[in-house]
Amino acid sequence: MAGGTSGFNMIQSSKDNRSIRTSRSMMADNPYLTPNSPILNRNPEHYDEMIAERFDRKEQYNQSNKLVLFIFGVMVVLAISLFFI
């Protein structure tokens, strides 16, 4: 019977790993999961301000992205020109 030992070793390894694993809940200790979200963010009076901030961040991201693409383009043109000189 081929593979009998390797199958047994896999089962035994699985049992050993299960016994090592802690019994705590993985989601309970998640630092990024906030059980109580702040009431400040739920206040409808702040929605306009939050939306404006989001569009400002998006505009800043687009401007920096365009600058990076421009610098990359200039460097490509310089590299090609140096290659052919």
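Residues numbered from 1 in each chain as written. Predicted model: local features only at pLDDT ≥ 70, side-chain atom pairs only at ≥ 80, totals over all residues. Heavy atoms only, no water.

Examining the overall build of the protein chain
Thinking step 1. Along its length, the protein chain carries 3 helices and 0 strands.
Thinking step 2. Ordered by position in the sequence, the α and β elements of the protein chain form the string α-α-α.
Thinking step 3. Counting across all 85 residues of the protein chain, residues that qualify as buried make up 0%.
Thinking step 4. Of the roughly 8500 Å² of accessible surface on the protein chain, a fraction of 64% belongs to carbon and sulfur atoms. (Helix = DSSP H or I, 4+ residues; strand = E, 2+ residues; numbered from the N terminus. Buried < 20%, exposed > 50% of the residue type's maximum accessible area, 1.4 Å probe, protein only. Areas by Shrake-Rupley, 256 points an atom, 1.4 Å probe, with all protein chains shown as cover.)

Side note on the packing of aromatic side chains
Thinking step 1. Inspection of every chain in the model, using the stated rule, returns 1 aromatic pair.
Thinking step 2. When the centroid spacing of 5.3 Å and the interplanar angle of 75 degrees are considered together, the rings of Phe 83 and Phe 84 count as edge-to-face. (Phe/Tyr/Trp six-rings, centres within 6.5 Å; stacked < 30°, edge-to-face > 60°.)

A few points about a nonpolar patch on the surface
Thinking step 1. Together, Leu 67, Phe 70, Ile 71, Val 74, Met 75 and Leu 78 make up a nonpolar patch on the protein surface, roughly 610 Å² of accessible area in all.
Thinking step 2. On the accessibility criterion, Ile 71 (43% relative accessible area) is partly exposed. (Patch = residues over 30% accessible without salt bridge, like charges linked within 9 Å, V, L, I, M, F, W, Y side chains within 5 Å. Salt bridge = Lys/Arg side-chain N within 4 Å of Asp/Glu carboxyl O.)

Some thoughts on a negative patch on the surface
Thinking step 1. Among the surface-exposed residues, Glu 49, Glu 53, Asp 56 and Glu 59 lie close enough to one another that they form a single negatively charged patch.
Thinking step 2. Secondary-structure assignment places Glu 49 in helix 3 (residues 47-84).
Thinking step 3. Taking the relative accessible area as the measure of exposure, Glu 49 reaches 58% and is therefore exposed. (Lys, Arg positive; Asp, Glu negative; His and termini not counted. Charge placed at Lys NZ, Arg CZ, Asp CG, Glu CD.)

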